[in-house]
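So the chains spell out like this:
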Amino acid sequence: MLSNSLIELDRAHLVHPVASYRGHERAGVRVLRSAKGATVTDAGGRELLDGFAGLWCVNAGYGQDSIVEAAARQMRELPYATAYFGLGSEPAIRLAAALAERAPGDLNHVYFTLGGSDAVDTTVRLIRYYQTVRGRPEKDQFISLDQGYHGSSTVGAGLTALPAFHAQFGLPFPWQHKIPSPYPYRNPVGGDPEAIIAASLAALRAKAEEVGGPGRVAAFYAEPIQGSGGVIVPPPGWLRAMRDLCAELDILFVADEVITGFGRTGPLFACSEEEIVPDLMTTAKGLTSGYVPMGAVFLSDRVYDAIADGAGEAAVGHGYTYSAHPVSAAVGLEVLRLYEDGLLENGRRAGARLLAGLHGLAGHPLVGEVRGRGLLAAVELVTDKARRTPLPAAADPARRIFDRAWDNGLVLRAFGTGILGFAPPLCCTPAEIDALVERTRRTLDQTL
Ligand code: PLP
C-alpha cells in the first residue's frame, strides 16, 4: 500500500512536469510500482492496462529482459564514455550506423541527444550554423504548425504551439512563426484532402512572404502526425506536398518523428509512408523504448557536409556530457533488434485491431471522430455531433475522463476539451487491444 508519507514527500519536494502545481498538491501523486508487457501495477497492487505506453515511448512494452541485460552488460563494461575529444564507444557507433542504414534517403549522419526536446534544440542550432556557413545568415526565421509540439527547451517550446508552453514564458521568440494545422475535423476549408493540402501550401507561402520572403526562412517543422496537439492526422499527400514546397523555396524541412518514429504508426519511420526524405529528422522515445533517455537527430548528407566544410578545422560548439551515451546506445541497439524480430509486425496487427475497435465506438453519442494510424489513435468527443461542439472546458473533461478510465483499469491520455489519445505498446495482444476498447467504451458511458 502507498504510504501517506510518500504522498507527502512528493507534495513537498517533487515538481511535476506540465502540471498545475497547486492542483497536483491537492490531488496527490499516483505511484506506479512495477510493470510487465502492457500492464502497469500501482503502489496498491492494482493492475492497469497502459494505453499510452508511458508517454508514448515504451513501444517494446515493459519488462523486456533482453533490454535490461543489454543495459546491465554495458554498465558493467563501460558505463560512460564521452564523445568529446575524438573519443567514442562501440555501441554508439554501431547504433548510429544501424539507424543511418534504416533512415529514409541520405539521412546518414546521427547526432545523439538525451531526448526529444534537446533533439529539437540541436536542429535549431545546427540549422542556424548551416545557413550561416553557406552564406545565408539572413535565413533566420522558423515556421511550424498550430497545435504542433516540439518539446520544452526554451527554443523548442517557441516552435511548440500549445498555449501553456508560451504564457508567462515570453514565448514564442519573434523569429518563430506558425501556420494553421491541417486538422481535417476542424479545418475552416472543410475536410476535403485536396483543399486542406492547398490551404497549407498557400499558408506556408504567405507566411514566408510575411516574414520577408522565402529568402528569410531557415526551416519548416512538422510532425507527420501531430501528437500532443491531439493526434491530428493530416490527409494523405500532405507531408509530401509540404516537403516539396520547402525544397522549391529553399527552406529546410524538419520532420519531428519523436512520437511517430520507431513503429508507432507502422513502419520504423512515418516519413517512409509517403516516401519523403526530410533534410533533418528528430527522434527519441521509441529509440530506447523509454528504458533510458536518448534522442537522435538525423542530418542529410547536404546539411552535414555544408556544416563540416563550413566549419573546417573549427569546432562546431554544440554538445552534451551525455551525447552518445554508451548505455543508452546499447539499449537502442537491443530495442532495434526487437523491432525487427517481430515487434513492428505485431504493432501493425495490433494497430489495425485498435483502429477497428475504436471505429466501433463511432456511434456513441459523445464520439465526434475516430482517427489514427497504426498504434497512434484518438477519439474526439463532442456534445453535439452535427455542430462538432467540444465538451465544455470549464468542467475539466480531460481530468474527469482520465480519472474514470483509471478507475476502469485503463491509462489513457485525455487532452484539453476531451480528445482521448491512445498509444499502447507494440507488444499488445489482441485481448489487450479489445480490453482497451471495452474499457474506453465503459468510460464514455460513464461520461454521458
Ligand atoms: N517533439 C515531439 C513531436 C514530441 O512529441 C516530444 C515529446 O512528447 C518532443 C519533441 C520532446 O521530447 P522530450 O519530452 O523527450 O524532450
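Rules and cut-offs
Each chain has its residues counted from 1, following the order in which its sequence is written. Totals for whole chains, interfaces and linings use every residue, but because this is a predicted model, local features are given only for residues with pLDDT of at least 70 and side-chain atom pairs only at 80 or more, for both listing and counting. Two strands make a pair as long as DSSP finds a minimum of two bridges between them. Only DSSP runs of H or I covering at least 4 residues are called helices, and only runs of E covering at least 2 are called strands; the numbering of each starts at the N terminus. Throughout, an axis means a line fitted to C-alpha atoms (over the contacting stretch in the case of helices), and angles, computed between N-to-C directions, take values from 0 to 180 degrees. Any pair of residues counts as being in contact when their C-beta atoms, constructed from backbone geometry, are within 7 Å of one another. Start and end points for every domain follow an automatic or database-based domain assignment. Multiplying one less than the number of residues by 1.5 Å gives the expected span of a helix. With C-beta atoms placed from the backbone, a residue is labelled by how many other C-beta atoms lie within 10 Å of its own: buried for 20 or more, exposed for 12 or fewer, partly exposed between the two. Note: the arc covers the axis-to-C-beta directions of the helix.

A closer look at the sheet that holds strand S14 (residues 410-411)
In any sheet, the strands associate via hydrogen bonds between backbone groups, in a parallel or an antiparallel arrangement.
Then, number 1: With respect to topology, four strands assemble into an open sheet ordered S1-S2-S3-S14, the strand pairing being mixed. The sheet is open, and its two edges are formed by strand S1 (32-36) and S14, each paired on a single side.
Then, number 2: Direction of pairing for strand S3 (residues 47-50) relative to S14: parallel, over a ladder of two bridges. Note on S14: the bridge partner recorded for Leu49 is Leu410.

With respect to the sheet that holds strand S9 (residues 280-283)
Then, number 1: Pairing is mixed in the open sheet, where seven strands are placed in the order S4-S10-S9-S8-S7-S5-S6. The sheet is open, and its two edges are formed by strand S4 (109-113) and strand S6 (176-179), each paired on a single side. On average, each strand axis in the sheet is tilted by 20° relative to the strand beside it, whichever way the strands run.
Then, number 2: In this sheet, strand S10 (residues 295-299) lies alongside S4 in antiparallel orientation, the contact comprising five bridges. Paired with Phe112 across the two strands is Ala296, which belongs to S10.
Then, number 3: Each of strand S5 (141-145), S6 and strand S7 (217-222) is contacted by helix H8 (residues 193-210), which is oriented at about 150° to S6, the strand it contacts most.

What to know about the domain arrangement of the protein chain
Then, number 1: The domain boundaries assigned to the protein chain delineate domain 1 (31-63 + 339-447) and domain 2 (81-324).
Then, number 2: The straight-line distance from the C-alpha centre of domain 1 to that of domain 2 is 27 Å.
Then, number 3: Of the residues lining the interface, 29 residues belong to domain 1; the matching set on domain 2 comes to 19 residues.
Then, number 4: For the side of domain 1 that touches domain 2, the secondary structure elements donating two or more residues are helix H3 (53-56), helix H11 (326-359), strand S11 (367-373), strand S12 (376-384) and strand S16 (419-422).

Some details on helix H13 (residues 430-447)
Then, number 1: In this model H13 runs 26 Å from its N-terminal to its C-terminal C-alpha over 18 residues, within 8% of the 26 Å that 1.5 Å per residue would give.
Then, number 2: Those residues of H13 not exposed but buried are Glu432, Ile433, Leu436, Val437, Arg439, Thr440, Thr443 and Leu444. Summarising the axial view, the buried residues of H13 lie within an arc of 165°, below the 170-degree limit, and thus occupy one face. Looking at H13, the residues exposed on the side facing more than 90 degrees away from the buried face are Pro430 and Ala431.

Observations concerning helix H12 (residues 397-407)
Then, number 1: Turning to H12, its buried residues number three or more, namely Pro397, Ile401 and Ala405. All buried residues of H12 lie within an arc of 60° about the axis, which places them on one face of the element.
Then, number 2: Positive backbone phi, approximately 85°, marks Gly409, located one or two places after H12.

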